[in-house]
Amino acid sequence: MKPENIVLGVIGYDCHSVGNKILEVFFAEKGFNVTNLGVMVSQEEFLNAALETDARAIMVSSLYGHGEIDCEGLPQKSKEKGLDDTLLYVGGNLVVGKTPFAEVEKKFKGMGFDRVFSADVDLEKVVEILRQDLEKFAGKTS
Amino acid sequence: MKPENIVLGVIGYDCHSVGNKILEVFFAEKGFNVTNLGVMVSQEEFLNAALETDARAIMVSSLYGHGEIDCEGLPQKSKEKGLDDTLLYVGGNLVVGKTPFAEVEKKFKGMGFDRVFSADVDLEKVVEILRQDLEKFAGKTS
Amino acid sequence: MVDTARLTFKQFKSIRRQVLQAWPTGAGLTLEDGLAAQKSIPTEKNFAQAMKNAGEQGRVLLQPRAGVALVEEHIKLLQFLEEQGEADLLPTTIDAYTRQNRYQEAEKGIVRSREAKTSLLNGFPAVNHGVEACRQVVDRVNSPIQVRHGTPDARLLAEITLAGGFTSFEGGGISYNIPYAKKFPLKDSVDHWKYVDRLVGWYEEQGVSINREPFGPLTGTLVPPFIAITIAILEGILALRQGVRSLTLGYGQGGNLIQDIAAMKALKELAHEYFAMENFSDYELSSVFHQWMGGFPEDEAKAFSVISWGSAVAALAKAEKVIVKTPHEAMGIPTKEANAQGLRATRQMINMLEDQVFPASRELDMEIDVIKKEVKCLMDKVYELGLGDIESGLLAAFEIGALDVPFAPALCNHGKILPMRDNDGFIRVFNKGNLPLCSDILDFHREKLELRAKAEGRSVGFQMVTDDIYAISKGKLTGRPK
Amino acid sequence: MVDTARLTFKQFKSIRRQVLQAWPTGAGLTLEDGLAAQKSIPTEKNFAQAMKNAGEQGRVLLQPRAGVALVEEHIKLLQFLEEQGEADLLPTTIDAYTRQNRYQEAEKGIVRSREAKTSLLNGFPAVNHGVEACRQVVDRVNSPIQVRHGTPDARLLAEITLAGGFTSFEGGGISYNIPYAKKFPLKDSVDHWKYVDRLVGWYEEQGVSINREPFGPLTGTLVPPFIAITIAILEGILALRQGVRSLTLGYGQGGNLIQDIAAMKALKELAHEYFAMENFSDYELSSVFHQWMGGFPEDEAKAFSVISWGSAVAALAKAEKVIVKTPHEAMGIPTKEANAQGLRATRQMINMLEDQVFPASRELDMEIDVIKKEVKCLMDKVYELGLGDIESGLLAAFEIGALDVPFAPALCNHGKILPMRDNDGFIRVFNKGNLPLCSDILDFHREKLELRAKAEGRSVGFQMVTDDIYAISKGKLTGRPK
Ligand code: B12
Ligand code: B12
């Protein structure tokens, strides 16, 4: 089985690079083919990279609080570009201020993200979910 | 003007002696004639000391949490003993557990205490109030 | 070698008959039944073992204070502190009526707590609840439990809680009288604690190790280290004489980093020295550091800071155990949530500092030296007054004020000594009362206090003592004029 | 003596014309108007003066971070932090769009925040609000205010906020590029900050002292002290060259008590040394200690402990200022209440420790020594590469990785160096990348790391780095295997 392509990056004008570097190493170790766009990535850069690499998932990070503004419309644009089969995950400190995670999740799912994660998520769980989601999709599209 | 007599003590089986020692020195410095019964004082000891010294005020402390049980009936007994003109003050950590002071005050005023104080009360304010209360009383009984 | 001061089994048994009659729950209690219960307790729940392991592994164990009126609520409280508080060791704090053997009042407190559906007692009335209830408590938690109280006559409490499966018992004939009682003769409390220690010694002889912990902080209020340490050593010796083997000596944070670390080091070193002098070698010694025991700030954020500072010093002083305060301290008995918060704050600090070392320095060595000299002054006097025997010596010493605890309620305590902080925040002696401190030590203290007086532009006096008592609760270590 | 590297007034004025055009609020701004505003500000609100006083009085001043989208809310926030938080110094933290000169996006954030009736920006968009709004802010609080941000090109921000009456400006050409930007050329940010420093220098020449503070913590994540100190000194020299006189150098807590105190001592001593070498003598130097800048624990009780530990070390290290975190750190921009809680916890600790001294010791001296040697290795290289000039030297050094900041996002940073904790929790170098550390220093680091590897029964490797990054947030200082 050839490794699945995923795209990784921190959206908007967000400079938080530490988690991003860890995510890159982590997913690579788990056998994914990671395209890491680093920090300060625009919606267009995410989508173009996904198209170019034929990525199965886009992992958007936002730590600095502007996640809500920065992510607006990304799922729609993703569909428009024909990336219907590409999973859209988002994680980090997604909104300004300490907020119950359920609220945050609802907001970002409402915006069209497939999965929403808090900053303290166990990454092992994330890969598990990712693999399941990829399988489901594989089933659907094959 | 001769110094007013007051009686001081920590009620019940309460051993907290530090505040009591400070109160003794404080009221003495303010010109009161203090009878300090120390810690672990029963209701009877308070009343007897007040009778013996013809005290104008009884200052009950309770720190350890059993204040509610220990103070029950003291105001009534005070009246029964004819100490109608003796002020009954109570202060400290009067109930078990962190409780809004307004609740505590209501409870102890309901029990018949003239004044109720929290542990962080400014003692300078207490003397002020005490002097006012004593004057009022003096006016009434003369 | 059996100490000549040890109660004989016959003496013990005859006292025991009386003790068990004090309240119905004592009736019919046999030593054998208690022993069987203790033997069925898994090692992980043995307090003495936990303290030994902590010493060997260089760990600081966390223990809260906690106790409520009703059994089921008490169990839930302890479970919560294990799970949400990450406590290593559990307490069962006993209510203040039980501490004064007022079981009738305690009963009233239980009844009224049931009615009020909330605890109206400031602790767990273990005697009233009896042996079976204690066993339930032990059974339904995972950690060792210690009885924490303040009882001059704790004989029945010890009988019931040890038979109930608790594996550590706090207190001592001095430390649970002077700060906790008013009219209790010191000779009586020392005698009663001889009984408690003998009971623990008996369990030891049967192969069950029970931890004993004299109460180090005393009045928790500006106690100069040497006074606390002297009393801890004396109670240690009294306990060892009755066959106690697992001993944890305690010290309450004074607030100055150097003095506190010096005190913790001096405490252990001196204890070993005096125990050796008394011919004891077969014991396990550990130490416990109490986070600030005096008045707390009411503001919870500030209280967290006081808790954290205590945790940091406990870690740097390499205590085996730290007793944890809560952000509710100034206000009232903490909720279980507040208690767990204190524990988690402490856990974070202890963990962050576990590999860190407070380096040796001239200042630290000097302070250790001072404390050792001070303790020697007091111990020498005790031996002198007792003609070589510390038990009669300590009674005589309290009698004449050669041992004296500041701000204590007990009438058998002289109450003349007044402590005060010096300009660097070390606790020194302002009024020595009758303490037999030698003149160079006294000069040293006086000099230090004069430095403070000069810095504050006022003279050394009682106002400073009052200011120091309030200081931490008002957000400072030393009470300076505004 | 005017430094040859100093921008001439002509150069400055010509750049200025362009700068003011970047956003409408810059139009028509005159230096004279700004100066007049600054001159009308009372001394108690001058940041430079406050830092000077703190140094003279040996005080540690408390400063939070805070900024919201709308002016009125921002003022209320600052007032709250003064009153309920007992802050000595106030911040105005700028939002992340403004930091990247994205005033259009900032505008959108302001509009949406008004609609949402809550701040959707992570700071105060000072450029969009303009000079008058800043003056209102200054007017309605009692303490000096500093602009805190992370802006590679902060020229317009500086023009507006200084004309608006703020009296301190954080940042620098390196420290506000490497950790905060991705594609910003280092030469450009250094040039832009020359402008900012020159602007501050101009105010100084007119008799108004404005404090400048390079951003010490960089990525806030396991930055070895010598890297942070070297960059702080370089930015200090760049600032002094443009006429800055009030300088506060910063350092972010590493977590190990000895290393942090050593770093704070070395920072000041080395700064004075290198400033003297560069012929500067007419300046006021102070230091700022940042409470833990890496990932925080989510639990608030644990966060309080991290905050308290930072406060304790700030006090023992005798910093002039401490930057305060909040119990919400791991979760999001703090509410004003959480921010005040962080301040009050810090206040309590600073006050309890204000008279306490961390004694001299062999361990401390040794670590100071190590840091000084390490910094010398880097500074020597910078001078060598710049043929005696630090400005071109530092650009070349970053180019080849002779200066390198761990985990930074900037592409102009090599990103090869990997730090790691040793067995005692000191931050050491695991992968040196191209850092010009001499071989005995490298051997020393390696040795220390091997001791840890041995203690953990695993080999020195990247997993340890990851574990260390998570460690504090998971409740430890060093990331050990379970
Ligand atoms: C030191 C201390 C001790 C020492 C006391 C030594 C001694 N003999 O004095 C020791 C360690 C022995 C101790 C024991 C216990 N303590 Co204690 N103790 C404290 C502590 C930390 C400080 C008390 C103190 O000295 N403060 C300094 C003095 C100057 O202030 P103060 O006592 O509040 O007195 C002032 C004011 O209250 C006011 N005031 C008092 N009375 C009156 C009356 C009037 C009329 C007025 C106007 C004002 C006034 O003026 C005083 C002078 O400024 C407090 C918590 C705190 N405050 O931080 C807990 C505290 C009082 N203790 C408490 C408890 C429960 C106990 C114990 C039962 C043990 C336990 N279960 O934890 C035992 C008591 C046993 C017994 N028989 O009484 C609880 C009480 C809980 C409650 N009310 O809900 C507290 C609040 C701690 C807590 N949060 O759990 N304690
Ligand atoms: C270090 C740090 C910084 C450093 C960053 C250095 C760098 N270049 O990386 C510095 C000091 C420069 C900095 C700057 C700022 N910061 Co900052 N920073 C932090 C801090 C303390 C730690 C972040 C970190 O490195 N954590 C360690 C890594 C390993 O964890 P992580 O970043 O959370 O990433 C993990 C998870 O989130 C998750 N994850 C992330 N993305 C995704 C995506 C998916 C799909 C999944 C499954 C998982 C996942 O996996 C990652 C790996 O485990 C956090 C608070 C905290 N967490 O304690 C604040 C924090 C993130 N910063 C914050 C802010 C606001 C800023 C600033 C705007 C300044 C300000 N106003 O205070 C600027 C940002 C400017 C900009 N342009 O972005 C806020 C965000 C507020 C909010 N969301 O409401 C925080 C939460 C602090 C706070 N409470 O105010 N910061």
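Up top is the structure these notes are about.
Residues numbered from 1 in each chain as written. Chains lettered and ligands numbered in written order. Predicted model: local features only at pLDDT ≥ 70, side-chain atom pairs only at ≥ 80, totals over all residues. Heavy atoms only, no water.

1. Details of the coordination of the cobalt atom of ligand 1
Logical step 1: If you check the protein contacts of the cobalt atom of ligand 1, you find one donor only, His16(B) (NE2), at 2.2 Å.
Logical step 2: As for its placement among the helices and strands, His16(B) is situated in the loop between β1 (5-10) and α1 (18-29). (Donors = N, O, S within 2.8 Å, 3.2 Å for Na, K, Ca; no water. Helix = DSSP H or I, 4+ residues; strand = E, 2+ residues; numbered from the N terminus.)

2. Brief notes about the interface of chain C and chain B
Logical step 1: Between chain C and chain B, the residue contacts involve 33 residues of the former and 26 residues of the latter.
Logical step 2: Summed over both sides, the interface of chain C with chain B buries roughly 2600 Å², with 58% coming from carbon and sulfur.
Logical step 3: Broken down residue by residue, the surface that chain C buries against chain B is led by Tyr97(C), Lys182(C) and Met331(C), which jointly contribute 22%.
Logical step 4: If you look at where chain C meets chain B, you find 3 salt bridges.
Logical step 5: Arg112(C) is the salt-bridge partner of Glu72(B), the closest N and O atoms lying 2.5 Å from each other.
Logical step 6: Contributing elements (two or more residues each) for the side of chain C that touches chain B: α5 (96-99), α6 (103-116) and α17 (462-471) of chain C.
Logical step 7: A per-class count over the side of chain C that touches chain B returns 16 nonpolar, 8 polar and 9 charged. (Contact = heavy atoms within 4.5 Å. Buried area = accessible area lost by both parts, 1.4 Å probe. Salt bridge = Lys/Arg side-chain N within 4 Å of Asp/Glu carboxyl O. Nonpolar A, V, L, I, M, F, W, Y, C, P; charged D, E, K, R; others polar.)

3. Quick look at the relation of the copies chain D and chain C
Logical step 1: Note on the copies: chain D fits chain C at an RMSD of 0.0 Å, the axial shift is 0.0 Å, and the rotation between them is 180°. Taken together, the turn and the small shift mark the pair as related by a two-fold rotation axis. Among all C-alpha atoms of chain D, that of Ser361(D) lies closest to the rotation axis, at 2.6 Å.
Logical step 2: Most of the interface of chain D is mirrored in chain C: 100% of its interface residues are interface residues there too. (Least-squares fit on C-alpha atoms with pLDDT ≥ 70 in both.)

4. Notes on the arrangement of the chains
Logical step 1: Ranking the 3 pairs of chains in contact by number of contacts places chains C and D first.
Logical step 2: Nowhere do chain A and chain C come into contact; their C-alpha atoms are at least 17 Å apart.
Logical step 3: Without any contact between them, chain B and chain D keep their closest C-alpha atoms 17 Å apart.

5. Observations regarding the interface of chain D and chain C
Logical step 1: With 41 residues of chain D in contact, the opposing surface of chain C contributes 41 residues.
Logical step 2: Buried surface at the junction of chain D and chain C, both sides included, amounts to about 3400 Å², of which 57% is carbon and sulfur.
Logical step 3: For the chain D face of the interface with chain C, the top three residues by lost area are Trp309(D), Gln348(D) and Met352(D), together amounting to 18%.
Logical step 4: Counting every contact that joins chain D to chain C gives 8 salt bridges.
Logical step 5: Seen at the junction of chain D and chain C, the total is 19 residue pairs in polar contact (both at pLDDT 80 or more).
Logical step 6: Elements supplying a minimum of two residues to the side of chain D that touches chain C: α11 (257-277), α12 (300-316) and α13 (336-353) of chain D.
Logical step 7: The element contributing the most residues to the side of chain D that touches chain C is α12(D), with 9 residues.
Logical step 8: Classifying every residue of the side of chain D that touches chain C gives 19 nonpolar, 12 polar and 10 charged. (Polar contact = N/O pair within 3.5 Å; in protein donor to acceptor, adjacent residues only side chain to side chain.)

6. Focus on the side chain of Gln348(C)
Logical step 1: Tracing the sequence through the fold places Gln348(C) in helix α13 (residues 336-353).
Logical step 2: Owing to a relative accessible area of 0%, Gln348(C) belongs among the buried residues under this scheme.
Logical step 3: Once you skip the residues sitting within four places of it in the chain, Gln348(C) turns out to touch Pro297(D), Lys302(D), Ser305(D), Val306(D), Ile472(D) and Gly475(D). (Buried < 20%, exposed > 50% of the residue type's maximum accessible area, 1.4 Å probe, protein only.)

7. Quick notes on the side chain of Lys321(C)
All names here are of chain C.
Logical step 1: Mapping Lys321 onto the fold places it in strand β8 (residues 321-323).
Logical step 2: Within the structure, Lys321 has its side chain in polar contact with the side chain of Gln146 (distance 3.4 Å).
Logical step 3: Aside from chain neighbours lying at most four places away, what touches Lys321 is Phe47, Met51, Val60, Leu61, Gln63, Leu89, Gln146, Arg148, Glu213, Ser287, Val288 and Phe289.

8. Let's talk about empty space enclosed by the protein
Remark: the empty space left among the atoms is shown by a probe the size of a water molecule rolled over them.
Residue and element names in this part refer to chain C.
Logical step 1: Per the counting criterion, the structure on display carries 8 cavities of 30 Å³ or more.
Logical step 2: The space that makes up the largest cavity amounts to roughly 100 Å³.
Logical step 3: Taken together, 14 residues make up the lining of the largest cavity; nearest its centre are Pro217, Gly220, Val223, Gly252 and Gln253.
Logical step 4: Of the residues that constitute the lining of the largest cavity, the class distribution is 8 nonpolar, 6 polar and no charged. (1 Å grid on protein atoms, 1.4 Å probe; cavity = no way out; pocket = protein on both sides within 12 Å on 5 of 7 lines; lining within 4 Å. Points joined across faces, edges and corners; volume = space filled by probe spheres on them.)

9. Focus on the sheet that holds strand β4 (residues 168-170) of chain D
Residue and element names in this part refer to chain D.
Logical step 1: Judged by pairing direction, the sheet is parallel, and its 8 strands sit side by side in the order β1-β8-β7-β6-β5-β4-β3-β2 without closing on themselves. If you trace the sheet from one side to the other, it starts and ends with β1 (61-63) and β2 (90-93), each paired once. Each strand axis lies, on average, 25° off the axis of its neighbour in the sheet, ignoring direction.
Logical step 2: Bridging between strand β7 (residues 284-290) and strand β8 (residues 321-323) involves 3 bridges; their strand directions are parallel. Bridged to Val288 within β8 is Lys321. (Pairing = 2+ DSSP bridges. Axes fitted to C-alpha atoms, helices over the stretch in contact; angles between N-to-C directions.)

10. Quick word on the packing of aromatic side chains
Logical step 1: A full pass over the atoms with the stated rule returns 34 aromatic pairs over all chains.
Logical step 2: A centroid spacing of 6.1 Å and a plane angle of 25° characterise the contact between Phe9(C) and Phe12(C), whose relative ring orientation is stacked. One end of the pair, Phe9(C), and the other, Phe12(C), are both in helix α1 (residues 9-19), 3 residues apart, so they sit about a helical turn from each other.
Logical step 3: A relative accessible area of 41% means that Phe9(C) is categorised as partly exposed.
Logical step 4: Residue Phe12(C) is classed as buried on the basis of its relative accessible area, which comes to 1%.
Logical step 5: By way of ring pairs, the aromatic residues Phe169(C), Tyr176(C), Tyr180(C), Trp193(C) and Phe215(C) are connected into one cluster.
Logical step 6: The ring of Tyr470(C) carries Lys474(C) above its face, with NZ or CZ at 4.7 Å from the centroid.
Logical step 7: For Lys336(D), the ring lying beneath its charged end belongs to Phe80(D), and the centroid distance is 5.1 Å. (Phe/Tyr/Trp six-rings, centres within 6.5 Å; stacked < 30°, edge-to-face > 60°. Lys NZ or Arg CZ within 6 Å of the ring centre and 35° of its normal.)

11. Regarding the nonpolar core
For soluble globular proteins, nonpolar side chains are generally found buried alongside one another.
Logical step 1: If you look at the biggest cluster of nonpolar residues, it comprises 305 residues, and the most contacted ones within it are Ile233(C), Phe275(C), Leu394(C), Ile233(D), Phe275(D) and Leu394(D).
Logical step 2: Ignoring anything within four residues of it in the chain, the contact list for Phe275(C) reads Ile233(C), Gly236(C), Ile237(C), Leu240(C), Leu247(C), Leu249(C), Phe280(C), Tyr283(C) and Leu285(C). (Core = buried A, V, L, I, M, F, W, Y, C linked by side-chain atoms within 4.5 Å.)

12. So, the site of ligand 2
Logical step 1: Within the structure, ligand 2 sits among 47 residues, and His16(A), Ser61(A), Glu329(D), Gly332(D) and Tyr470(D) are positioned closest to it.
Logical step 2: Near ligand 2, the surrounding residues belong to chains A and D.
Logical step 3: Within the backbone of Cys15(A), an N or O atom sits 2.8 Å from an oxygen atom of ligand 2.
Logical step 4: A distance of 2.8 Å separates a nitrogen atom of ligand 2 from a polar side-chain atom of His16(A).
Logical step 5: A class-by-class count of the residues in the shell around ligand 2 yields 27 nonpolar, 16 polar and 4 charged. (Near = heavy atom within 4 Å.)

13. Quick notes on the pattern of salt bridges
All names here are of chain D.
Logical step 1: The full count for this structure, using the stated rule, is 108 salt bridges over all chains.
Logical step 2: The residue Glu329 makes a salt bridge to Lys325 at a minimum N-O spacing of 2.8 Å.
Logical step 3: Residue Glu329 is classed as partly exposed on the basis of its relative accessible area, which comes to 31%.
Logical step 4: Judged by relative accessible area, Lys325 falls into the buried class, the value being 5%.
Logical step 5: Residue Asp380 pairs with Lys376 through a salt bridge whose shortest N-O separation is 2.9 Å. Placement of both Asp380 and Lys376 in helix α14 (residues 362-385) is noted, with a separation of 4 residues, approximately one turn of the helix.

14. A short note on unusual backbone geometry
Residue and element names in this part refer to chain D.
Logical step 1: Phi is positive for Leu218, which is not a glycine, with a value near 55°.
Logical step 2: Topologically, Leu218 is positioned in the loop between β5 (211-213) and α10 (225-241).
Logical step 3: What makes Leu218 buried here is its relative accessible area of 4%.
Logical step 4: Non-glycine residue Leu387 carries a positive phi angle of around 50°.
Logical step 5: Relative to the helices and strands, Leu387 resides in the loop between α14 and α15 (390-400).

15. Here we look at the site of ligand 1
Logical step 1: By nearness alone, 47 residues border ligand 1, and His16(B), Ser61(B), Glu329(C), Gly332(C) and Tyr470(C) come closest of all.
Logical step 2: More than a single chain frames ligand 1: its nearby residues are located in chains B and C.
Logical step 3: Within the side chain of His16(B), an N or O atom sits 2.8 Å from a nitrogen atom of ligand 1.
Logical step 4: A distance of 3.0 Å separates an oxygen atom of ligand 1 from a polar backbone atom of Val95(B).
Logical step 5: Going through the elements one at a time, α1, β3 (57-62), β4 (87-92) and α6 (123-141) of chain B together with α5 of chain C are the ones with two or more residues in the shell around ligand 1.

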